[in-house]
Every structure is written in C-alpha cells, then in structure tokens.
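Now for the letters of each chain:
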Amino acid sequence: LEWSPQFLDLDPVHGAWFALFCERRGIKLPSVKFILCSYEFVSVVHRRILQRVFGVPIFNFYGSTETGHLLMENGRGEMKASLENAFFEIIEPDARGIGSLVVTTLTNDYMPLVRYRIGDLVERIEQPYATHYLVHGRARDALFRNDGRRITTLDVDRCFAGLEGIAHYQLRQDDHGDCELKYISEREAPGMEELRLVTTQIEELLQLQNKVSVAAVDKLPPLPSGKFRLICRA
C-alpha cells in the first residue's frame with residue numbers, strides 16, 4: 001500500500017492466491033491500473049479471480065528467459081507478436097494448425113538463438129486485418145484421445161470458463177486414458193451440478209469411456225521450477 005504500484009506483474013497461480021488473500025483481508029490497491037500475467041499459462045480460473053478482486057484489465061505477457069518478450073495480449077484479448085525481437089515459426093502442426101513454437105532471436109548479439117524450440121504449443125490466427133496467436137500450453141503436458149488427436153491445456157481450460165468457486169486445478173490422465181480432476185476450492189466450493197457440467201465437457205472433449213473422477217484437495221504442489229501443471233499425463 002505504501003509502494004502504490006501502478007501495475008502488478010504476476011505469476012497467475014501465485015497472483016490468484018495473493019488476490020484471494022487481499023479479498024479475505026479487505027485489502028484494496030486503488031493505485032493499480034492493470035495486471036500483467038507471465039511465467040506460465042494464464043487459466044480462466046486465475047484470470048477470473050484477479051478480475052473480481054482487482055477490477056482492472058489483465059494482460060497475458062508471453063516470453064522466455066532465453067528469448068525475452070515474444071507475445072503480448074492487447075485490449076481485444078489477442079496475443080500479438082513482437083516481430084522486432086524474434087522471427088516466429090510454427091512447426092509440426094496438427095490438423096487444427098496447432099504446432100510447436102520455434103523462434104529465431106533478432107536482438108541478442110551475445111547469445112543469438114536460431115530456430116529455438118521453446119516447448120510450447122501455439123496456433124497462428126491469420127485474419128485480413130492482422131495476425132495474432134493462441135498459446136495452447138506446454139507440448140509435454142498435452143493429453144490425447146483414443147483417435148490420437150492432441151488435446152491442449154487451452155482446450156481443457158476452456159471447459160472451466162463459467163465455473164465459480166475453484167482457485168486452482170489439475171487434470172491428470174493415466175496410461176489407460178482415464179482422467180482425475182483435483183481442485184482447490186475458494187471459500188465457497190462449486191456445486192456438484194456445476195462441477196458435473198465441467199467434467200461432462202472434459203469427457204466429451206477427450207471422448208472418454210469412463211467419467212472423470214473428481215477430488216477436492218488442500219494442495220497442488222508446483223514443479224521444482226515453481227510452475228504448475230494444469231493438465232498432465234501420469
């Protein structure tokens with residue numbers, strides 16, 4: 001409060017937890033004009049909490065330690081490329097045009113990177129007036145249907161768009177294709193009917209033969225890097 005920042009630069013998972021802390025304690029940050037989310041995938045779950053608590057625009061800020069700033073969300077929710085920093089390629093695209101992001105840096109004379117594979121899945125959206133991108137999450141975290149189609153973090157996250165009461169979640173798929181959803185509740189947990197709507201969407205998305213099992217938990221620990229996996233394979 002003494003610092004009076006004009007913006008916050010947050011990891012979305014830790015940022016959502018910070019927002020809930022502020023909400024419980026009645027802490028207001030009136031000086032904040034907008035929020036940048038970076039370091040990992042920005043879920044609709046965490047974005048909803050940040051928007052509710054702080055009531056300011058939230059922008060996804062995408063890049064990597066090695067390459068620097070690459071994509072920035074604009075006011076229309078579109079991820080725009082920083083073409084001054086890097087040359088973008090999408091390789092090994094699937095039938096939907098979603099592939100691995102590869103970049104060649106243009107501004108780092110001391111450690112130039114040529115066709116550097118970051119490890120994220122990205123989709124290029126080309127329109128008559130402009131081009132923007134959709135970040136689908138880590139390639140290694142993607143799930144698969146029985147027909148071999150890849151399901152990304154973004155695909156799964158869209159199922160949570162209208163759900164209230166979840167602070168964080170993880171969907172894990174085992175070797176047989178069955179899935180378990182673990183979630184951390186806010187103060188008021190989501191109702192069983194609302195949860196069932198979400199799991200039904202996930203079952204249809206992944207074409208599961210069995211229902212998604214659901215468990216409320218107190219903790220979902222991060223990786224050693226500090227990042228969290230919203231979806232993963234066992």
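Computed from a predicted structure; not experimentally measured.

Engineer: What is the right way to read the sheet that holds strand E14 (residues 213-216) from this model?
Structural biologist: Within a beta sheet, neighbouring strands are joined by backbone hydrogen bonds and run either parallel or antiparallel to one another. Taken in spatial order, the 4 strands make up an open sheet running E14-E13-E12-E15, and their pairing is mixed. The open sheet has two edge strands with one neighbour each: E14 and strand E15 (231-233). Strand-to-strand twist of the sheet, defined as the mean angle between neighbouring strand axes without regard to direction, takes the value 20°. Packed onto the sheet, helix H4 (residues 192-206) meets strand E12 (166-173), strand E13 (179-185) and E14 and runs at close to 30° relative to E12.

Engineer: Just checking my understanding: could you explain helix H1 (residues 12-25) for this structure?
Structural biologist: Residues three or four positions apart in an α-helix share a direction because the helix packs 3.6 residues into each turn. The first and last C-alpha atoms of H1 sit 20 Å apart over 14 residues, in line with the 20 Å expected at 1.5 Å per residue. Along H1, the residues classified as buried are Pro12, Val13, Gly15, Ala16, Ala19, Leu20 and Cys22. Considering only its buried residues, H1 is in contact with strand E1 (7-10), strand E2 (34-37), helix H2 (44-54) and E12. In this structure Asp11 caps H1, since a side-chain oxygen of it lies 2.9 Å from the backbone nitrogen of Val13. Once H1 finishes, Gly26 follows within two positions and takes phi at roughly 70°, a positive value.

Engineer: Would you mind going over the pairing of strand E3 (residues 58-64) with me for this structure?
Structural biologist: Across the 7 residues of E3, 5 count as buried, placing the element largely inside the fold. Where the polypeptide runs from E2 across H2 and back to E3, its parallel neighbour, the crossover connection is right-handed. The pairing of E3 with strand E4 (residues 68-73) spans 4 bridges and is antiparallel. Within E4, the residue paired with Tyr62 across the bridge is Leu71. Between the antiparallel neighbours E3 and E4 lie 3 residues.

Engineer: Hey, could you run me through the side chain of Arg48 in this one?
Structural biologist: For Arg48, the location among the structural elements is in helix H2. Owing to a relative accessible area of 16%, Arg48 belongs among the buried residues under this scheme. Reaching out from Arg48, the side chain makes a polar contact with the backbone oxygen of Ile166 at a distance of 2.9 Å. Other than its neighbours up to four places away in sequence, Arg48 contacts Leu163, Glu164, Gly165, Ile166 and Glu186.

Engineer: Is there a simple way to think about unusual backbone geometry in this case?
Structural biologist: A negative phi angle characterises most non-glycine residues, just as the trans form characterises most peptide bonds. Positive phi values are uncommon outside glycine, yet Ser4 reaches one of about 50°. With respect to the secondary-structure elements, Ser4 resides in the segment before E1. Residue Ser4 is classed as partly exposed on the basis of its relative accessible area, which comes to 39%. At Gln207, a residue that is not glycine, the phi angle is positive and equals roughly 55°. Counting through the fold element by element, Gln207 comes out in the loop between H4 and E14. For Gln207, a relative accessible area of 40% gives the class partly exposed.

Each value, and the rule that gives it
Residues numbered from 1 in each chain as written. Predicted model: local features only at pLDDT ≥ 70, side-chain atom pairs only at ≥ 80, totals over all residues. Heavy atoms only, no water. Pairing = 2+ DSSP bridges. Helix = DSSP H or I, 4+ residues; strand = E, 2+ residues; numbered from the N terminus. Axes fitted to C-alpha atoms, helices over the stretch in contact; angles between N-to-C directions. Contact = heavy atoms within 4.5 Å. Expected span 1.5 Å × (residues − 1). Buried < 20%, exposed > 50% of the residue type's maximum accessible area, 1.4 Å probe, protein only. Polar contact = N/O pair within 3.5 Å; in protein donor to acceptor, adjacent residues only side chain to side chain. Right-handed = clockwise from strand over helix to strand, strands pointing away.

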